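# Working through the structure, step by step
Here's the letter readout for the chains.
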Amino acid sequence: MAAPPPLSGLRVLELAGLAPGPFAGLMLADYGATVLRLDRALPNTHSNNPPPPTSDTLVRRKTSIAVNMKSPAGIVLIKALLPHVDIVIDPYRPGVLEKLGLGPEEVMLKVNPRIIVARMTGFRRDGKYSQMAGHDINYIAVSGILSMLGRKGEKPYAPGNIIGDFAGGGAMCFLGILLALLSRQSTGRGQVVEANMVDGSTYLGTMPRLGKKSQVWDKERGTNMLDGGAPFYDTYETKDGLYMSVGAIEPQFYAELIKGLGLDSSKIPDRADTSNYPDLKTLFTKTFLSKTRSEWESIFDGTDACCTPVLSHEELESGGFDQRPPVTLRGSPGLAVTDGSAEESDIAIRAAKGQGTGVEGAGWISHGLSPGAGGEEILQQWVGWKRGRQYDVVGGGLEKKEVGKL
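Residues numbered from 1 in each chain as written. Predicted model: local features only at pLDDT ≥ 70, side-chain atom pairs only at ≥ 80, totals over all residues. Heavy atoms only, no water.

Within an unreviewed UniProt entry, the label attached to the protein reads CoA-transferase family III, and the organism entered is Tothia fuscella. The UniProt entry for the protein carries the following text under Sequence similarities (unreviewed entry): "Belongs to the CoA-transferase III family." (UniProt positions renumbered as here; feature names shortened; annotations may be inferred.)

Structure, rendered in structure tokens:
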């Protein structure tokens, strides 16, 4: 029988934000932590007619309280909760918490020396961009990563907000929290964790950045082996308007690719000569257009040609692809996203799918989380607070009652 998820018992107070902060909270929740989102007060919150869900869809297994942060009594409530919390996720711009009277080092760590305050920013906290607003595209732009993305002769291309917000931001913040938890085990003290999307994205680009000093990545954008320059590392359209991906870098894999494409290796341009790349791309493009994606799949499935279909999320969802925790822990798996892990006889696959029951929507659909939903029950579980005794609802937000009634 599997042990509980590794973060079980940890209490997380996630200050409401978008993308990277909620993603860090989602990862904590998927590995067992209890995550309570703190929303700003809105009319009717904590009533029988709550406001609609916020635009944050990264709410798996989370609950919410709304607090009147413009009221001194609301700030008192947050301070009173801090001794009972392990982790706070701060998604605000620099200085916001300090203005609220909740500075991490000035207040939070003094109230609770074991608390871990994970601060998420886009730009670094120093330098000329530190006080500027921005989004993923801006952060990866000044990190140098954006300059490397795109086709030859075209402008840099931002791949959604995956690199900055989620990989360089939320996932790096999650890593920082785990490191701080490890440190706390030996020191007994919490600390401030700083994560920003510029440094996070730059770190993710370590390999291509170092490669620019060698032949690995020393050419202009879109002409290197892994950025669309090589004919054996690219995507190709098929007869039915779909796509196949090719990653046949090693010679033995390339040979399998050529065989599957039905080409005579003795009659095609030598790939070792990069001047042949355009002709090879033209040949591969024409060849892939001769069959449907399904036909190519039947040829390449089970081979080492490194040639696979480019699947859409709609295809994966309709085909029953099960969402899973990103890392498998054999002895203490994360929580399941999709139902069915209990039926698996193979212990490795069962652990990979996660323990427990899945969530509504199975990771494909999120109905969001309304401010105030479920959070009062968590307050009672954590600290025994009840409405009307330790706090009241004022203007749609929770406010602490007199200290004498704790």
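And the narrative resumes.
### Description of the overall build of the protein
Scanning the protein for helices and strands turns up 15 helices and 11 strands. Considering only C-alpha atoms, the protein reaches an extent of 90 × 55 × 45 Å along its principal axes. Going through the 406 residues of the protein one by one, you find that 45% of them count as buried. Across the protein, contacts joining residues at least 24 apart in sequence account for 66% of those joining residues at least 6 apart. If you sum the accessible surface of the protein, you get close to 20,600 Å²; carbon and sulfur atoms cover 55% of it. Both charge centroids of the protein, one from 44 positive and one from 45 negative side chains, sit 7 Å from each other. (Helix = DSSP H or I, 4+ residues; strand = E, 2+ residues; numbered from the N terminus. Buried < 20%, exposed > 50% of the residue type's maximum accessible area, 1.4 Å probe, protein only. Contact = heavy atoms within 4.5 Å. Areas by Shrake-Rupley, 256 points an atom, 1.4 Å probe, with all protein chains shown as cover. Lys, Arg positive; Asp, Glu negative; His and termini not counted. Charge placed at Lys NZ, Arg CZ, Asp CG, Glu CD.)

### Some points on the packing of aromatic side chains
One pass over the full model with this rule turns up 10 aromatic pairs. Between the aromatic rings of Phe-232 and Tyr-277, the centroid separation amounts to 6.0 Å while the plane-to-plane angle is 90°, which identifies the pairing as edge-to-face. Residue Phe-232 is located in the loop between α9 (225-229) and β7 (233-237), and its partner Tyr-277 is located in helix α11 (residues 277-288); the two are separated by 45 residues in the primary sequence. Both residues of the pair, Phe-232 and Tyr-277, belong to the buried class. For the pair Phe-288 and Trp-296, a centre-to-centre distance of 5.1 Å together with 55° between the ring planes defines the contact as tilted. (Phe/Tyr/Trp six-rings, centres within 6.5 Å; stacked < 30°, edge-to-face > 60°.)

### Notes on unusual backbone geometry
The backbone of Asn-44 shows a phi angle near 75°, a positive value even though the residue is not glycine. Residue Asn-44 is classed as partly exposed on the basis of its relative accessible area of 42%.

### Examining the side chain of His-46
Among the secondary structure elements, His-46 is positioned in the loop between β2 (34-40) and β3 (63-67). Note on His-46: relative accessible area 8%, which makes it buried. There is a polar contact of 3.0 Å between the side chain of His-46 and the side chain of Glu-376. Sequence-distant contacts of His-46, that is, excluding residues within four places in its chain, are made with Ser-64, Ile-65, Ala-66, Gly-372, Glu-376, Arg-387, Val-393, Gly-396 and Leu-398. (Polar contact = N/O pair within 3.5 Å; in protein donor to acceptor, adjacent residues only side chain to side chain.)

### Quick notes on the packing of helix α6 (residues 162-187) against helix α7 (residues 197-204)
Each pair of packed helices gets described by two things: the angle between the helix axes and the distance between those axes. Viewed as axis vectors pointing N to C, α6 and α7 meet at an angle of 95°, and their least axial separation amounts to 8 Å. Comparing the axis directions of α6 and α7 gives the class roughly perpendicular. Residues Ile-163, Gly-164, Asp-165, Ala-167, Gly-168, Gly-169 and Met-172 of α6 form the contact with α7, whose own contacting residues are Met-197, Gly-200, Ser-201, Tyr-203 and Leu-204. Looking at the contact of α6 with α7 residue by residue, the class counts come to six nonpolar, five polar and one charged. (Axes fitted to C-alpha atoms, helices over the stretch in contact; angles between N-to-C directions. Parallel < 35°, antiparallel > 145°, perpendicular 65-115°, else oblique. Nonpolar A, V, L, I, M, F, W, Y, C, P; charged D, E, K, R; others polar.)

### Digging into the pairing of β2
Within a regular strand, the side chains alternate between the two sheet faces. Here β2 lies mainly inside the structure; five of its seven residues are buried. With five bridges joining them, strand β1 (residues 11-15) and β2 adopt parallel strand pairing. For Arg-11, the partnering residue across the bridge sits in β2 and is Thr-34. Inspection of the sheet shows β2 paired to β3 by five bridges, in the parallel sense. Counterpart to Asp-39 in the pairing with β3 is Ala-66. (Pairing = 2+ DSSP bridges.)

### Things to note about α6
Because an α-helix completes one turn every 3.6 residues, residues spaced three or four positions apart along the sequence face the same direction. At Met-172, α6 shows its maximal bend, which comes to roughly 25°. Where α6 ends, the next residue or the one after it, Gly-188, has phi of about 80°, a positive value. (Bend = angle between axes of the 7 residues up to and from the residue.)

### Observations regarding the sheet that holds strand β9 (residues 307-309)
Taken together, three strands build an open sheet; the order of strands is β7-β8-β9 and the sheet is antiparallel. The open sheet terminates on both sides in strands that have one partner only, identified here as β7 and β9. Strand-to-strand twist in this sheet, taken as the mean axis angle between neighbours without regard to direction, amounts to 25°. As judged from the three bridges shared by strand β8 (residues 243-247) and β9, these two strands associate in the antiparallel manner. From the neighbouring strand, Met-244 faces β9, where its bridge partner is Pro-309.

### Regarding the pattern of salt bridges
Within the structure shown, the criterion is met by 19 salt bridges. For Glu-194, the salt bridge identified is with Arg-125, shortest N-O distance 2.5 Å. Placement of the pair is Glu-194 in strand β6 (residues 192-196) and Arg-125 in the loop between β5 (116-121) and α5 (136-142), with a sequence separation of 69 residues. Looking at Glu-194, the relative accessible area reads 47%, which means it is partly exposed. Of the charged contacts, one joins Arg-151 and Asp-234 as a salt bridge, the two residues approaching to 2.9 Å between their closest N and O atoms. (Salt bridge = Lys/Arg side-chain N within 4 Å of Asp/Glu carboxyl O.)

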